[in-house]
Amino acid sequence: LVLGLVLVLGGRAGGGGGCQLPAEWRPLSEGCRAELAAIIVYARVLALHPDPYGAYNYLPWQRGPPGGPQQGAEDLFYSAEIELLCDQAWGSMLEVPAGSRLNLTGLGYFSCHSHTVMQGYAYFFFLRMDENYILLPHGVNFQEAIFPDTQENRRMFASLFQFSNCSQAQHVLSFTSDWEIQEDNRLMCSSVQKALFEEEDRVKKLQQKVATLEKRNKQLRDRVKKVKRSLRQARKNSRHMELVNQKLSEKLSSAGGQIPYINSLKQENSHATYLKV
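Here the residue numbering is sequential within each chain, running from 1 through the sequence in written order. For a predicted model such as this one, the threshold for reporting local features is a pLDDT of at least 70, and the threshold for listing and counting side-chain atom pairs is 80 or more; totals across whole chains, interfaces and linings nevertheless cover every residue. Excluding hydrogens and water, the side-chain values take into account all heavy atoms of the structure.

Along the protein, the regular secondary structure elements total six helices and seven strands. Each helix corresponds to a stretch of at least 4 residues labelled H or I by DSSP, and each strand to a stretch of at least 2 residues labelled E; elements are numbered beginning at the N terminus. Its helices and strands in sequence order give the protein the pattern α-α-β-β-β-β-β-β-β-α-α-α-α, from N to C terminus. Any residue under 20% of the maximum accessible area for its type is buried, any over 50% is exposed, and the rest in between are partly exposed; the area is computed with a 1.4 Å probe on protein chains only. Expressed as a percentage of the 277 residues in the protein, the buried residues total 30%. Within the protein, counting contacts between residues at least 6 apart in sequence, those at least 24 apart form 69% of the total. Residue-level accessible areas treat just the shown protein chains as cover; the underlying method is Shrake-Rupley with a 1.4 Å probe. As presented, the protein carries roughly 19,000 Å² of accessible surface, and 56% of it is formed by carbon and sulfur atoms. We call two residues contacting when some pair of their heavy atoms lies within 4.5 Å.

Okay, here's the thing in structure tokens:
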């Protein structure tokens, strides 16, 4: 729902074609994307700071040079100072303990998505670090990267954190044995996704083959139509030639009947000429 709302709002803001997802795009669950996220932290927002227009903060309809004036872009982009309430999640690439303070940029209202937070609230963050060691939201699979601190989200991400190292959230981040069993029995997302992608790839290849066969079938039908059309034209020409031959034969027959009469006239004329002489 969040992704759909973001895409709808982005489509209205950015105009047509600016929010097109790849053709092979498929939605992934939060658990699947958590396996692919580079860094996952549970942190509280301490302060917000406006960010200037730059490499990570721009709108597609305002493509001036970075650092240049951007009318209408004020207060859309900002960075946040966050404090980790727990150690980073298992497998995260960020090696800092609970209580550490970090700066997170790339927040604000963009054309096709929004990474927004409020001061004083806690969130679960999917993060990544660029080549300049700048922390940014990691929107894995073009989906949400920031999750509010709700009971549902706590349960969803509970198995990723070591609660003994949490500073302020250890009394609220708890999960039941049923959740543990569910996590233990959960299939690895990568394997499931691999199987799904392989199946989709197989279906795509079959669809391509079907499209190729349909194209060839259409070409054959077109050829058959041309042959039938040529055959009809040949028959029409044949009937026309038969009519022409028939008329010609009738004319020849009519002309052949008049030949004796012409000969007799010639004989009479020659005899009369002889008498006059």
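Taken together, the side chains of Arg221, Arg223, Lys225, Lys226, Lys228, Arg229 and Arg232 present a region of like positive charge at the surface. Here Lys228 shows up in helix α5 (residues 189–257). Note on patches: the residues involved have over 30% relative accessible area and no salt bridge, like charges join within 9 Å, and the nonpolar side chains Val, Leu, Ile, Met, Phe, Trp and Tyr join within 5 Å. By definition, a salt bridge exists where a carboxyl oxygen of Asp or Glu is found within 4 Å of a side-chain nitrogen of Lys or Arg. Only four residue types enter the charge count, namely Lys and Arg as positive and Asp and Glu as negative; His and the chain termini do not. One atom stands in for each charge, and that atom is NZ of Lys, CZ of Arg, CG of Asp or CD of Glu.

Attention now moves to the pattern of salt bridges. One pass over the structure, following the stated rule, counts four salt bridges. Across the salt bridge formed by Arg44 and Glu83, the nearest N and O atoms sit 2.8 Å from each other. Placement of Arg44 in strand β1 (residues 39–50) and of Glu83 in strand β2 (residues 77–84) is noted, with a sequence separation of 39 residues between them. Judged by its relative accessible area of 12%, Glu83 falls in the buried class.

It is worth spelling out the side chain of Asp130 at this point. Structurally, the position occupied by Asp130 is in the loop between β5 (122–129) and β6 (135–137). Despite its burial, Asp130 remains without a salt bridge, the nearest opposite charge being carried by Arg128 at 6.0 Å. Definition of a polar contact: a pair of N or O atoms within 3.5 Å, with one able to donate and the other able to accept a hydrogen when the atoms are protein atoms, and with sequence-neighbouring residues admitted only if both atoms are side-chain atoms. Side-chain polar atoms of Asp130 contact the backbone nitrogen of Asn132, separated by 2.9 Å.

Once that is clear, we can look at the packing of aromatic side chains. Each aromatic pair joins two rings of Phe, Tyr and Trp (for Trp, the six-membered one) with centres within 6.5 Å, and gets the label stacked for planes under 30 degrees apart, edge-to-face for over 60, and tilted for any other angle. As enumerated under the stated definition, the model contains seven aromatic pairs in all. Consider the rings of Phe124 and Phe157, whose centres lie 5.2 Å apart with planes at 35 degrees: the pair is tilted. Placement of the pair is Phe124 in strand β5 and Phe157 in helix α3 (residues 151–157), with a sequence separation of 33 residues. Phe124 sits in the buried class, given a relative accessible area of 0%. One aromatic cluster is present, formed by Tyr42, Phe124, Phe126, Phe147 and Phe157 through successive ring pairs.

Below, the discussion takes up the side chain of Arg33. By secondary structure assignment, the location of Arg33 is in helix α2 (residues 30–36). Despite its burial, Arg33 pairs with no opposite charge; the closest candidate is Glu30, at 4.3 Å N-O.

Next up on the list: the pairing of β1. Strands are treated as partners if at least two bridges between them are detected by DSSP. Pairing between β1 and β5: six bridges, direction antiparallel. The residue of β5 that forms the bridge with Val41 is Phe125. Relative to β2, β1 runs antiparallel, the two being bridged by seven bridges. Among the inter-strand pairings, Pro50 is bridged to a residue of β2, identified as Tyr78.

With that settled, the discussion passes to unusual backbone geometry. The backbone of Tyr133 sits at a positive phi, close to 60 degrees, despite the residue not being glycine. Its place among the elements puts Tyr133 in the loop between β5 and β6. The class for Tyr133 is exposed, based on a relative accessible area of 67%. Of note in this structure, Asn141 is not a glycine but carries a positive phi near 60 degrees. Structurally, Asn141 is set in the loop between β6 and β7 (146–148).

Below, the discussion takes up the nonpolar core. The set of buried Ala, Val, Leu, Ile, Met, Phe, Trp, Tyr and Cys residues whose side-chain atoms join them within 4.5 Å is what this entry labels a nonpolar core. The biggest cluster of nonpolar side chains holds 36 residues, and the ones touching the most others in it are Ile40, Val41, Val117, Phe125, Phe126, Phe157 and Phe161. Sorting the residues of this core by element identifies β1, β2, β3 (101–109), β5 and β7 as the ones contributing at least two each.

Let us now look at the confidence of the model for the protein. With 65% of its residues at a pLDDT of at least 70, the protein reaches an overall mean of 75. By mean pLDDT, helix α1 (residues 2–14) is the weakest element of the protein at 40, and β7 is the strongest at 95. pLDDT under 50 marks residues 1–17. Its contacts with residues more than four places away, or in other chains, come to 21 contacts. A low-confidence stretch, residues 273–277 (pLDDT under 50), is modelled with zero contacts involving residues beyond four sequence positions or located in other chains. Confidence of the prediction at every residue is given by pLDDT, a number between 0 and 100.

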